[in-house]
Amino acid sequence: MTAGAREDRIDTSRPHPARVYDCLLGGRDHHPVDRVVVERLPPEARHNALRNRAFMHRAAAWLAGTGVDQYLDIGTGIPTEPNLHQIVQGILPSARVAYADNDPIVLRHARALLVSHPAGATDYIEADVRRPALILDHARTFLDFSRPVALSMIALLHFIGDDEDPYGLTRTLVDALPSGSHLVLSHGTTDEHPHLAKSVTDTYRKGEIPLRMRTRAEVEPFFQGLELVAPGLVTATRWYRSGPAPAEEPSGFYVGVARVP
Ligand SMILES: C[S@@+](CC[C@H](N)C(=O)[O-])C[C@H]1O[C@@H](n2cnc3c(N)ncnc32)[C@H](O)[C@@H]1O
């Protein structure tokens, strides 16, 4: 596909999750329609996006510290430094990171994701998590699935409705991972801010972005059959490995890192 054709697929008339999130993080790669969504969201949304991103930093650093050198990151988002590969290659320069996102705007910025440490490698594909077999087929050309792989899906699955089988597609991806691999997951929730539930969901819906926030009991099954590492399934600021002591403040995300037995 030519660069021109790719540009044509970037729809600036309606908001996109990747650009809304970029705006929440204080980035510059979004459009006025995305800003409208952010302006309607409660102020907690910005803090929560930063706390979610900080969880990704801590989880990636912890995994790399344990020697995990292969990563498949789905729902990558518009590059925001430090990106996952910069964190893990800062610890294990030879780490290989495959990124995937279904938004053409992320593809446009993928160059930044492909600047790897020379000892390691990064890869990017435009792909939809709702088609896990395609992602796995591509990832197998880049990662060695006979050795542990960390699969990360950070702030992704709340964009997948119940009718799109989020648990089943997660299972398909996890089942492809060898023993000793990890699932790293964060998922939006309004458990800590129940009074904001309706306004957040309505704001995204108005922007035609379906959002399915889930409760703790609804996030737990994503880890079925896996061994959650301490501190288990917790809200983002309470996940303490390779970072500051757990904070009691709300974060709007449930997070967990679990080992494939
Ligand atoms: C909120 S951003 C999270 C970015 C990054 N993972 C982080 O947490 O910092 C969600 C990303 O998921 C992507 N996404 C949403 N639905 C997707 C799907 N069905 N398949 C692949 N990516 C998707 C969006 O394009 C966006 O880049």
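Each chain has its residues counted from 1, following the order in which its sequence is written. Local features in this predicted model are restricted to residues of pLDDT 70 or higher, and side-chain atom pairs are both shown and tallied only at a pLDDT of 80 or more, whereas totals for entire chains, interfaces and linings draw on every residue.

A.B. asks: What is the right way to look at the overall build of the chain in this model?
C.D. replies: Numbering of helices and strands starts at the N terminus; helices are DSSP runs of H or I of at least 4 residues and strands are runs of E of at least 2. Looking only at helices and strands, the chain has 10 helices and eight strands in total. Here the radius of gyration uses the C-alpha set of atoms, whereas the globule reference equals 2.2 Å times the residue count to the power 0.38. In terms of overall size, the chain behaves like a compact globule, its C-alpha atoms giving a radius of gyration of 17 Å where 261 residues would be expected to give roughly 18 Å. Comment: burial labels come from other C-beta atoms within 10 Å of the residue's own C-beta, placed from the backbone, where a count of 20 or more is buried, 12 or fewer is exposed, and between is partly exposed. When burial is assessed residue by residue, the chain has 44% of its 261 residues classed as buried. Whether two residues are in contact depends on their C-beta atoms, placed from the backbone: they are in contact if these lie within 7 Å. The contacts in the chain between residues at least 6 apart in sequence include a share of 76% that link residues at least 24 apart.

A.B. asks: Would you explain the pairing of strand β5 (residues 182-188) in this entry?
C.D. replies: The side chains of a regular strand alternate, first on one face of the sheet and then on the other. Summarising burial for β5: seven of the seven residues are buried, a large majority. Burial along β5 is two-sided: the face carrying H182, V184, S186 and G188 and the face carrying L183, L185 and H187 are both buried. In terms of strand pairing, strand β4 (residues 150-154) meets β5 through five bridges, oriented parallel. By the bridge assignment for β5, L151 is matched with L183. Handedness of a crossover is defined as follows: with both strands directed away from the viewer, a clockwise route from the first strand across the helix to the second makes it right-handed. This β-α-β element, β4 to helix α8 (residues 166-175) to β5, shows right-handed connectivity. We treat two strands as partners when DSSP finds at least two bridges between them. Across seven bridges, the pairing between β5 and strand β8 (residues 253-259) is antiparallel. Along β8, the bridge assignment pairs V184 with V257.

A.B. asks: What is the right way to read unusual backbone geometry from this model?
C.D. replies: Each neighbour pair has its own omega, and for E81 with P82 the value is -5°, a cis peptide bond. Its place among the elements puts P82 in the loop between β1 (70-74) and α5 (84-91). Omega for the peptide link from A230 to P231 comes to 10°, which places this bond in the cis form. Relative to the helices and strands, P231 resides in the loop between β6 (227-228) and β7 (234-235). Within the chain, A155 stands out as a residue other than glycine whose phi angle is a positive 55°.

A.B. asks: Help me out: how do you make sense of the site of the ligand in this one?
C.D. replies: Each residue gets a C-beta atom placed from its backbone. If that atom is within 6 Å of a molecule or strand, the residue is near it. Residues in close proximity to the ligand total 21 residues, the closest being A18, G75, G77, D103 and I154. At the level of elements, α2 (17-24) and α4 (44-65) are the ones that each hand at least two residues to the shell around the ligand. Each residue gets one of three labels, nonpolar for Ala, Val, Leu, Ile, Met, Phe, Trp, Tyr, Cys and Pro, charged for Asp, Glu, Lys and Arg, and polar for the others, Gly among them. For the shell around the ligand, a count of residues per class yields 11 nonpolar, five polar and five charged.

A.B. asks: What exactly am I supposed to notice about the nonpolar core here?
C.D. replies: Generally speaking, a soluble globular protein has its nonpolar side chains buried in company with each other. By convention the nonpolar core is taken to be a set of buried residues drawn from Ala, Val, Leu, Ile, Met, Phe, Trp, Tyr and Cys and joined through C-beta atoms within 7 Å. By size, the foremost hydrophobic cluster in this structure holds 53 residues, and its most contacted members are A59, A60, Y71, L72, V88, A98 and L151. Looking at which element gives the most residues to this core, the answer is α4, with seven residues. Excluding residues that lie within four positions of it along the chain, L72 makes contacts with A98, A139, L143, V149 and L151. Counting 14 residues, the second-largest nonpolar core is a separate cluster that includes A18, Y21, V37 and V200.

A.B. asks: I would appreciate a short explanation of α8 in the present structure.
C.D. replies: Because an α-helix packs 3.6 residues into every turn, residues spaced three or four apart end up facing the same way. Burial in α8 covers these residues: P166, L169, T170, L173 and V174. Buried residues along α8 cover an arc of 135° about the axis, so they all sit on one side. For α8, exposure combined with an orientation more than 90 degrees from the buried face picks out G168 and D175. Taken together, the buried residues of α8 touch α7 (132-140), β4 and β5. The arc in question is the one spanned by the directions pointing from the helix axis to the C-beta atoms.

A.B. asks: Teacher, can you tell me more about the packing of α4 against α5 here?
C.D. replies: Helix-helix packing is described using two parameters, namely the angle between the two axes and the distance between the axes. Note on geometry: axes are lines fitted to C-alpha atoms, helical ones only across the stretch in contact, with angles between N-to-C directions running from 0 to 180 degrees. Direction vectors running N to C along α4 and α5 enclose 30°, while the axes themselves pass 9 Å from each other. Considering the relative orientation of α4 and α5, their crossing is right-handed. Residues M56, H57, A60, A61, A64 and G65 of α4 form the contact with α5, whose participating residues are L84, I87, V88 and I91. Residue classes in the contact of α4 with α5 are distributed as eight nonpolar, two polar and no charged. By convention the crossing between two helices is left-handed if the near helix lies anticlockwise of the far one by an angle smaller than a right angle, and right-handed if it lies clockwise.

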